[in-house]
Amino acid sequence: MKTVYTCFCTDIIHDGHINIIEEAHKRGKVIVGCLSDEALIRYNKFPTISQDERIKLYRSIDGVEEVVIQNDMLYDDVITLIQPDYVVHGDNWMEEPEKAIRDHVEEMLKTYGGELVDIPYTCNEKVKKIDMQLREKLAMPEYRRKRLRQLISMTPIVKVMEAHSGLTGLIVEKTVVEHEGKLDQFDAMWISSLCDSTVKGKPDIELVDMTSRFKTIDDIMEVTTKPIIFDGDTGGLTEHFVYTVRSLERMGVSAVIIEDKKGLKKNSLFGTEVEQTQATIEEFSAKIAAGKKAQLTDDFMIIARIESLILEKKMEDALERARAFVKAGADGIMIHSRKKTPEEIIDFCNKFRDEDKKTPIVVVPSSFNVITEEELAQHGVNIVIYANQLTRSAFPAMQQTAVDILRYHRAKEVDDRLMPIKKIITLIDEL
Ligand code: SPV
Ligand code: MG
C-alpha cells in the first residue's frame, strides 16, 4: 500500500479539502499533516481553533488514516519521517511566495523517487464564502483583541509594523515574503502617534485628537484582521485615559502603550533637544492603575513606556520605574532609546529579565536598528515595533515624484517607478 501525504493549514474543512483527500485516497493510505501553530503564524494563517482541535477535525474526515504534526513549513521533518510515495497539494502553491516550498518538496521527493501531485484548486462560491467568513471571524473585536496575548505566548518575538491608513494596513496585513525557503509576515500593527500626525501634516504633540486617531484605527480595522497596538502618547489626563481604555477595548484594539511624560509631549526621538518632562513614578503608576481598573476584558493590555533613557537618566531610574509600573498593573514594559547602538537597551532588558521573567518587554529599534529580531528575543524582548518605516519610505518617494513632474512638465519620466494602478487594485479586496 502506497503512502500519500498532504498538509492542511485550515480551521474549516470545505469542498476543496474533501477533494484533496479523495484524490489522495485514490493513490493510497492518506496521512494528513497538521501545520503547527508557530508555522501557521509565519504562513500568515492565524489559527482560530487550537492545534488539538485541528488534529481532531482532520481525523474526522473520511479517508484520513492518520494525522501528524508538521512543525516545519518546508516539510523536511515529515518527509524524512514518513517518506511518502506521494505528496498531494492544491495547485495554488505554484505561485510566489509558496512556490519555493513546493520546489523544495519536489526536490526532496526526487531523492528517493517520491512524486508530487498538484490538484486543481477548488474555487467555487461556497469555498470563497468560507474563506471570507474565516477572515471576518479574525477581524471581530473579541478575536482580534486577544490575538496579541496569544502571539506573545506562541512566537519567539512578535513583529509589529506601523500602519496609518487602510492602504498601509493592507500592506502589513498581506505582505508575505519567502526568504531562504521560509515564509514570513508581520504579526501586528502599530498606530504610531508620529505617523498618524505626520500623514495629517501635524506635529507629534498630542494635537491630533482621539476622535481622529480612532478614525484611523477604524479605517485600518475595516480592511485587516491583525491585532493593533495603539500609541496612546501620555494617555492624557487620567480622567480621560479611563475612557480611552474602554473605547479601545470595545473596538478590539489589543494594547495601548502610554509613556511616562507629562505636559506638552514632543516626539521621543528629539530626546533632550526639546523640553520634555517625565511624570513622577507615583503620578504615572496612578494612571496605569486607573486604566487597569477601568478595563473590562482580560485580553486588553496596558503597556508602560519608560522615557528615562531618552531623557538621559540613569539605568537604575529606568529599572525602578519598570518595577513600579508592573506593580501598578502594567501588562508590559516598553523601553525606548535614541542611541545608534543597542547596548543600553540590551543592558536594560538583561537586568529587567533577571528580576522579572514574564512581563513582556517591547522595544522600538528606530535608531538602534542594527540589532536583529533574533538577538532581541535572546535578551528577553517579546515585541519589536517598526514604528515609522512605511511613512519614512513613502515620503521621499512621493516628494521625488512631485519634484520630477515639476521639472519635466509631464509624468512620463516618473512612470517607470510607479506601481501600475492594476497592481494597487489587487491589494484591495472587493466583495
Ligand atoms: C511613535 O511612533 O509615535 C512613537 C515611537 O512614539 S517614537 O517615534 O520612536 O517615539
Ligand atoms: Mg508616539
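Residues numbered from 1 in each chain as written. Chains lettered and ligands numbered in written order. Predicted model: local features only at pLDDT ≥ 70, side-chain atom pairs only at ≥ 80, totals over all residues. Heavy atoms only, no water.

K.L.:
What's the story with the overall build of the protein chain in this structure? I'm lost.
P.N.:
Each helix and strand in the protein chain was counted, giving 17 helices and 17 strands. Relative to the 2.2 N^0.38 estimate, which gives 22 Å for 431 residues, the radius of gyration of the protein chain is 24 Å and therefore close to what a compact globule would have. Relative to its full complement of 431 residues, the protein chain shows a buried share of 51%. Entry remark: accessible area of the protein chain is about 21100 Å², with carbon and sulfur atoms responsible for 54%. Positive and negative side-chain charges in the protein chain, numbering 59 and 74 respectively, have mean positions lying 3 Å apart. (Helix = DSSP H or I, 4+ residues; strand = E, 2+ residues; numbered from the N terminus. Rg over C-alpha atoms; globule rule 2.2 N^0.38 Å. Buried < 20%, exposed > 50% of the residue type's maximum accessible area, 1.4 Å probe, protein only. Areas by Shrake-Rupley, 256 points an atom, 1.4 Å probe, with all protein chains shown as cover. Lys, Arg positive; Asp, Glu negative; His and termini not counted. Charge placed at Lys NZ, Arg CZ, Asp CG, Glu CD.)

K.L.:
Explain the site of ligand 1 to me, please; I cannot follow it from the model alone.
P.N.:
Neighbouring ligand 1 are W190, S192, S193, L194, D231, N267, S268, L269, R305, H336 and A387. At 2.7 Å, a side-chain N or O of H336 approaches an oxygen atom of ligand 1. When the free accessible area of ligand 1 is taken as 280 Å², the share hidden by the protein chains comes to 100%. Its residues assigned to classes, the shell around ligand 1 comprises four nonpolar, five polar and two charged. (Near = heavy atom within 4 Å. Polar contact = N/O pair within 3.5 Å; in protein donor to acceptor, adjacent residues only side chain to side chain. Nonpolar A, V, L, I, M, F, W, Y, C, P; charged D, E, K, R; others polar.)

K.L.:
Looking at this structure, I do not really get the coordination of the magnesium ion (ligand 2). What am I missing?
P.N.:
In ideal tetrahedral geometry, four donors around a metal make angles of 109.5 degrees, whereas ideal octahedral geometry with six donors gives angles of 90 or 180 degrees. Ligation of the magnesium ion (ligand 2) by protein atoms is provided by S193 (OG) and D231 (OD), these donors lying 2.1 to 2.2 Å from the ion. Placement of S193 in helix α9 (residues 193-198) and of D231 in strand β10 (residues 228-231) is noted, with a sequence separation of 38 residues between them. A relative accessible area of 3% means that S193 is categorised as buried. Residue class for D231 comes out buried when judged on its relative accessible area of 4%. (Donors = N, O, S within 2.8 Å, 3.2 Å for Na, K, Ca; no water.)

K.L.:
Looking at this structure, how should I read the nonpolar core?
P.N.:
In a soluble, globular protein the nonpolar side chains are often hidden away together inside. If you look at the biggest cluster of nonpolar residues, it comprises 49 residues, and the most contacted ones within it are I217, F325, I335, F348 and V363. Every residue in contact with F348, bar those within four places of it in the chain, is listed here: M315, A318, L319, A322, I333 and I335. (Core = buried A, V, L, I, M, F, W, Y, C linked by side-chain atoms within 4.5 Å. Contact = heavy atoms within 4.5 Å.)

K.L.:
Quick question: what am I supposed to make of the packing of aromatic side chains here?
P.N.:
Ring pairs (aromatic) are described by centroid distance and by the angle formed between their planes. In the structure shown here, the tally under the stated rule is seven aromatic pairs. Ring plane angle 85° and centroid distance 6.0 Å describe the contact between Y5 and Y75, whose orientation is recorded as edge-to-face. Placement of the pair is Y5 in strand β1 (residues 3-8) and Y75 in the loop between β3 (64-70) and α4 (76-82), with a sequence separation of 70 residues. Grouping residues by exposure puts Y5 and Y75 together as buried. A ring pair is formed by F284 and F325, whose centres lie 4.9 Å apart and whose planes are at 65°; its orientation type is edge-to-face. Of this pair, F284 sits in helix α12 (residues 281-294) while F325 sits in helix α13 (residues 315-327); the two residues are 41 residues apart in sequence, bridging distant segments of the chain. The buried category is assigned to F284, whose relative accessible area is 1%. Residue classification places F325 among the buried residues on the basis of a relative accessible area of 0%. Clustering of aromatic rings is evident, with ring pairs tying together Y5, Y75 and W93. Its end group placed over the ring of Y143, K146 keeps NZ or CZ at 4.8 Å from the ring centre. (Phe/Tyr/Trp six-rings, centres within 6.5 Å; stacked < 30°, edge-to-face > 60°. Lys NZ or Arg CZ within 6 Å of the ring centre and 35° of its normal.)

K.L.:
Whenever I open this one, the sheet that holds strand β16 (residues 361-363) confuses me. Can you help?
P.N.:
The pairing of strands in a sheet happens through backbone hydrogen bonds and is either parallel or antiparallel. Taken together, the eight strands give a closed barrel; going around it, the order is β6-β9-β10-β11-β14-β15-β16-β17, and neighbouring strands pair in parallel fashion. Averaged over all pairs of adjacent strands, the angle between their axes in this sheet comes to 25°, without regard to strand direction. As defined by bridge partners, strand β14 (residues 301-306) adjoins strand β15 (residues 332-335) across four bridges and the pair is classed as parallel. Across the sheet, A304 pairs through a bridge with I333, a residue of β15. (Pairing = 2+ DSSP bridges. Axes fitted to C-alpha atoms, helices over the stretch in contact; angles between N-to-C directions.)

K.L.:
What am I meant to see in a nonpolar patch on the surface here?
P.N.:
On the surface, L167, I171, M419, I424 and I428 cluster together into a nonpolar patch covering about 410 Å² of accessible area. Relative to the helices and strands, L167 resides in helix α8 (residues 166-174). You can call L167 partly exposed: its relative accessible area is 41%. (Patch = residues over 30% accessible without salt bridge, like charges linked within 9 Å, V, L, I, M, F, W, Y side chains within 5 Å. Salt bridge = Lys/Arg side-chain N within 4 Å of Asp/Glu carboxyl O.)

K.L.:
Looking at this structure, how should I read the pattern of salt bridges?
P.N.:
Side-chain pairs of opposite charge can arise whenever the charged atoms involved come near each other. Enumeration over the complete set of coordinates arrives at 40 salt bridges. Among the salt bridges present, the one from D404 reaches R407, with a minimum N-O distance of 3.4 Å. In this pair, D404 and R407 are both assigned in helix α16 (residues 389-408), three residues apart and thus about one turn of the helix distant. R407 sits in the exposed class, given a relative accessible area of 53%. Residues joined in a network through salt bridges with shared partners are D196, K200, D204, R213, D233 and K265.

K.L.:
Explain the sheet that holds β3 here, please?
P.N.:
The five strands are arranged β3-β2-β1-β4-β5 in an open sheet whose pairing can be described as parallel. Strand pairing shows two members of the sheet lacking a second neighbour, β3 and β5 (115-119), which therefore form its edges. Geometrically, the sheet is characterised by an average inter-axis angle of 25° between neighbouring strands, direction not taken into account. Direction of pairing for β1 relative to strand β2 (residues 29-35): parallel, over a ladder of six bridges. Looking across to β2, one finds that Y5 is bridged to I31. Relative to β1, helix α1 (residues 15-27) is tilted by about 165°, and along the sheet it contacts β1, β2, β3, β4 (86-90) and β5. In the packing of helix α5 (residues 99-110) onto the sheet, contacts are made with β4 and β5, and the angle to β5 comes to roughly 145°.

K.L.:
What's the story with α12 in this structure? I'm lost.
P.N.:
Residue pairs spaced three or four apart in an α-helix point in one direction, given the helix's 3.6 residues per turn. Helix length check: α12 (14 residues) gives 20 Å between terminal C-alpha atoms against 20 Å at 1.5 Å per residue, within 8%. Along α12, the residues that are buried comprise I281, F284, S285, K287, I288, G291 and A294. In this structure, the buried residues of α12 make contact with α11 (238-251), β11 (255-259), β14 and α13. (Expected span 1.5 Å × (residues − 1).)

K.L.:
Mind showing me how you'd approach unusual backbone geometry here?
P.N.:
Keep in mind that most residues, glycine aside, have a negative phi and that most peptide bonds are trans. With omega at 0°, the peptide bond leading from E96 into P97 counts as cis. Tracing the backbone shows P97 in the loop between β4 and α5. A positive phi is found at N44, a non-glycine position, where the angle reads about 65°. By the secondary structure assignment, N44 is in the loop between α2 (37-42) and α3 (51-59). The phi dihedral of D233 is positive, around 55°, even though this residue is not glycine. If you trace the backbone, D233 turns up in the loop between β10 and α11.

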